[in-house]
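Per-entry structural report
What follows is the residue order along each chain.
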Amino acid sequence: EDKVVQSPLSLVVHEGDTVTLNCSYEVTNFRSLLWYKQEKKAPTFLFMLTSSGIEKKSGRLSSILDKKELFSILNITATQTGDSAVYLCAGGSGAGSYQLTFGKGTKLSVIP
Amino acid sequence: EAQVTQNPRYLITVTGKKLTVTCSQNMNHEYMSWYRQDPGLGLRQIYYSMNVEVTDKGDVPEGYKVSRKEKRNFPLILESPSPNQTSLYFCASSFQGGTFEAFFGQGTRLTVV
């Protein structure tokens, strides 16, 4: 059975701090690792990583994948209150059901 | 605008009363799926469809039905809802399942009393 585990489950930081969110995965026919941000309702897409060791960056957010150790991290620098959300990690299968298996998420709270 | 549209956004119903949640996407995506999200359990896939007339069970299919008669639509049917189906439901679509980004609908908050 495919599995994605995120840590920590919740995190409280002050504005300006840097945070690192972790995601480990065991996905059959692994093809991609995706990060989403969920604020009020629908998850919104952040990154998709398919190649090991190549960092993807968008503003203050960045992510990297390690396919040998089966994990990914999401970094957020200079956090702002608007970064408060649940961050979801998903492992994508490239065969069979082509399913996305989600972790339970990391709830990030950024306080002023 | 590329989007996945779900309706209704909120629904309160009684045990046993059949209901349908609609989902439509305008991106010509082949892959569509339904998830439920429960506190402490995360997003779990209910059913998915790789193309028209092709559907299959996800991780938690019991009590649900789906159909895919047209590429853009993927309704979720609860023939006889029960209180344990109270949840937040998301429809999602992508070009091809786990190899591409999934776009999510806005969610349907279902309460079964």
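These lines cover the structure that appears in this document, whether it is placed above or below. What you see is a predicted model; the values in this text were computed from it and never measured. (Residues numbered from 1 in each chain as written. Chains lettered and ligands numbered in written order. Predicted model: local features only at pLDDT ≥ 70, side-chain atom pairs only at ≥ 80, totals over all residues. Heavy atoms only, no water.)

1. A short note on the sheet that holds strand S7 (residues 61-66) of chain A
Residue and element names in this part refer to chain A. Judged by pairing direction, the sheet is antiparallel, and its five strands sit side by side in the order S1-S3-S8-S7-S6 without closing on themselves. Two strands bound the open sheet, and with one partner strand each, they are strand S1 (3-7) and strand S6 (56-58). On average, adjacent strands in this sheet sit at an angle of 15 degrees to one another, irrespective of strand direction. The pairing of S1 with strand S3 (residues 19-26) spans five bridges and is classified as antiparallel. In the sheet register, Ser-7 faces S3, and the bridge partner there is Asn-22. (Pairing = 2+ DSSP bridges. Helix = DSSP H or I, 4+ residues; strand = E, 2+ residues; numbered from the N terminus. Axes fitted to C-alpha atoms, helices over the stretch in contact; angles between N-to-C directions.)

2. Quick notes on the environment of A:Thr20
Residues and elements named next belong to chain A. Relative to the assigned elements, Thr-20 resides in strand S3. Residue Thr-20 is classed as partly exposed on the basis of its relative accessible area of 36%. Thr-20 sits twelve residues away from Pro-8 along the chain, and the two C-alpha atoms are 9.3 Å apart. Non-local contacts of Thr-20, meaning those with residues more than four positions away in its chain, are made with Pro-8, Ile-73, Leu-74 and Asn-75. (Buried < 20%, exposed > 50% of the residue type's maximum accessible area, 1.4 Å probe, protein only. Contact = heavy atoms within 4.5 Å.)

3. Focus: the nonpolar core
By size, the foremost hydrophobic cluster in this structure holds 21 residues, and its most contacted members are A:Tyr25, A:Leu33, A:Trp35, A:Tyr87 and A:Leu108. At four residues, S3(A) tops the list of elements feeding residues into this core. Residues contacting A:Leu108, with those up to four places away along its chain left out, are A:Leu11, A:Val13, A:Val19, A:Ile76, A:Asp83, A:Ser84, A:Ala85 and A:Tyr87. Within the second largest apolar cluster, 19 residues are counted, among which are B:Val4, B:Val21, B:Tyr64 and B:Leu78. (Core = buried A, V, L, I, M, F, W, Y, C linked by side-chain atoms within 4.5 Å.)

4. Some points on the pairing of strand S4 (residues 30-38) of chain A
All names here are of chain A. Buried residues dominate S4, accounting for eight of its nine residues. Relative to strand S9 (residues 85-93), S4 runs antiparallel, the two sharing eight bridges. Looking across to S9, one finds that Lys-37 is bridged to Tyr-87. Of the strand pairs in this sheet, S4 and strand S5 (residues 44-49) are connected by five bridges, and their pairing is antiparallel. Residue pairing across strands places Leu-33 opposite Leu-49, the latter belonging to S5. In this structure, the hairpin formed by S4 and S5 is closed by a connection of five residues.

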